[in-house]
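Listed below are the residues making up each chain.
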Amino acid sequence: MNREYHKWFSDNLQRDMELLIFGHAGRAVLFFPTRMARFYDYENWGIIESLRYKIENGEIQLFCVDSVDRESFYNDDVFPSVRIERHLQYERYLLGEVMPLIHQKNGGAYLETAGCSMGAYHAINLAMKYPWIFKKAVGISGRYDLTDAPGHFRDLLNGFHNDKVYFNMPAQYLANLSDGSLIDALKQMTIILAVGEADPFLPGNQYLSNLLWQKGIANEFYIWGDDAHRPYFWRKMAPLYI
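What counts and what doesn't
- Residues numbered from 1 in each chain as written.
- Predicted model: local features only at pLDDT ≥ 70, side-chain atom pairs only at ≥ 80, totals over all residues.
- Heavy atoms only, no water.
- Helix = DSSP H or I, 4+ residues; strand = E, 2+ residues; numbered from the N terminus.
- Rg over C-alpha atoms; globule rule 2.2 N^0.38 Å.
- Buried < 20%, exposed > 50% of the residue type's maximum accessible area, 1.4 Å probe, protein only.
- Contact = heavy atoms within 4.5 Å.
- Polar contact = N/O pair within 3.5 Å; in protein donor to acceptor, adjacent residues only side chain to side chain.
- Pairing = 2+ DSSP bridges.
- Axes fitted to C-alpha atoms, helices over the stretch in contact; angles between N-to-C directions.
- Phe/Tyr/Trp six-rings, centres within 6.5 Å; stacked < 30°, edge-to-face > 60°.
- Expected span 1.5 Å × (residues − 1).
- Core = buried A, V, L, I, M, F, W, Y, C linked by side-chain atoms within 4.5 Å.

### Regarding the overall build of the protein chain
Okay, step 1: In terms of regular secondary structure, the protein chain is built from ten helices and eight strands.
Okay, step 2: The C-alpha atoms of the protein chain give 17 Å as radius of gyration, which agrees with the globular expectation for 242 residues (18 Å, within 12%).
Okay, step 3: Considering only C-alpha atoms, the protein chain reaches an extent of 45 × 40 × 35 Å along its principal axes.
Okay, step 4: Taking all 242 residues of the protein chain together, 57% fall into the buried category.

Following this line, the structure appears as structure tokens:
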């Protein structure tokens, strides 16, 4: 299996950023890590191994990016407005720095996003905002409104709300989406949501799936047994949906 490590200083984030590439060809998958996790965790947890056949067969090429969640949504040392700004800097890093690398290394026209837990939020949010870039989006065990507080999870913005927050919470901005060209682009995308039946995020996943259907946007929604919110389940889910 082809494995490449990349590191460079990000102008958008003003810090070094790292990522791993697995595979040599196929559908390019921008793979986001879980909550405050690292770019190498999917490899350590055996999730890359679960996708070995698809990778070695040239079906997919994974781009496992790092996150800045500790500096954005989980940074309680700064005001929430600073947290959302840091997230937007991360988005600019992805679009302006990672995407050119993907095009250089892959060269194909098929690009998808995927992620588990917090990574699912990043995957779905980015794809929903830029559907003309992506052909597919996979969210596994995700929360799609970080201002919501299901179960033992808290509102990551402490009640703060502005337009930047609104336009980065899929469960919020999709509800009022009326742009015909944007909706048409979303209709062309394959959207997959998967979550456990005991996961606190289940209601939010059901809400987002229904919301998309209300807009005429088809999506696949799968409910797994237990909470399914850990690597044991993700190793089984990733080969099915990515």
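### Observations concerning the environment of M36
Okay, step 1: With respect to the secondary-structure elements, M36 resides in the loop between β3 (27–32) and α1 (41–44).
Okay, step 2: Taking the C-alpha atoms as reference points, M36 and E71, separated by 35 residues in sequence, lie 9.3 Å from one another.
Okay, step 3: Ignoring any residue separated from it by four or fewer positions in sequence, one finds M36 in contact with S67, D69, R70 and Y74.

### Quick word on the side chain of H87
Okay, step 1: When you line up the elements, H87 lands in helix α4 (residues 80–105).
Okay, step 2: Polar contacts involving the side chain of H87 include one to the side chain of N168, which spans 3.4 Å.

### Examining the sheet that holds strand β7 (residues 190–196)
Okay, step 1: Across the sheet, which stays open at both edges, the eight strands sit in the order β1-β2-β4-β3-β5-β6-β7-β8 with mixed pairing between neighbours. Across the chains shown, the open sheet's two edge strands, defined by having one partner strand only, are β1 (3–10) and β8 (220–224). Shown here is a sheet whose adjacent strand axes are inclined to one another by a mean of 15 degrees, direction ignored.
Okay, step 2: In this structure, β1 lies alongside strand β2 (residues 15–22), joined through eight bridges in antiparallel fashion. Residue pairing for β2: S10 is matched across the bridge by R15.

### Quick look at the environment of A37
Okay, step 1: Here A37 is to be found in the loop between β3 and α1.
Okay, step 2: When the C-alpha positions of A37 and M118 are compared, they lie 9.0 Å apart, and in sequence the two are 81 residues distant.
Okay, step 3: The residues contacting A37, other than those within four sequence positions of it, are W45, D66 and S67.

### Comments concerning the packing of aromatic side chains
Two aromatic rings are characterised by how far apart their centres lie and by the angle between their planes.
Okay, step 1: Enumeration according to the criterion identifies 14 aromatic pairs in this entry.
Okay, step 2: Judged by centre distance (4.6 Å) and plane angle (45 degrees), the ring pair of F153 and F201 falls under tilted. Linking F153 in the loop between β6 (136–140) and α6 (163–166) with F201 in the loop between β7 and α9 (202–214), this pair joins segments that are 48 residues apart in sequence. A single burial state applies to F153 and to F201, both of which are buried.
Okay, step 3: Taken together, the aromatic side chains of F31, Y42, W45 and W234 make up a single cluster linked through ring pairs.

### Observations regarding α9
Three- or four-residue spacings in an α-helix give side chains the same orientation, since the helix completes a turn every 3.6 residues.
Okay, step 1: Here α9 spans 18 Å end to end across 13 residues, near enough to the 18 Å set by a 1.5 Å rise per residue.
Okay, step 2: Looking at α9, one finds that the buried residues are L202, N205, L208, S209, L211 and L212.
Okay, step 3: Positive phi shows up at G216, right after α9, with a value of about 80 degrees.

### Brief notes about the nonpolar core
Okay, step 1: Residues Y90, M128 and L174 are the most contacted members of the largest nonpolar core, which totals 42 residues.
Okay, step 2: Looking at this core, the elements that each hand over two or more residues are β2, β3, β4 (60–65), α4, α5 (118–129), α8 (180–187), β7 and α9.
Okay, step 3: Here this core gets seven residues from one element, more than from any other, and that element is α4.
Okay, step 4: Among all residues touching Y90, those that are not within four sequence positions of it are L13, M17, F32, V65, D66, S67, V68 and H122.

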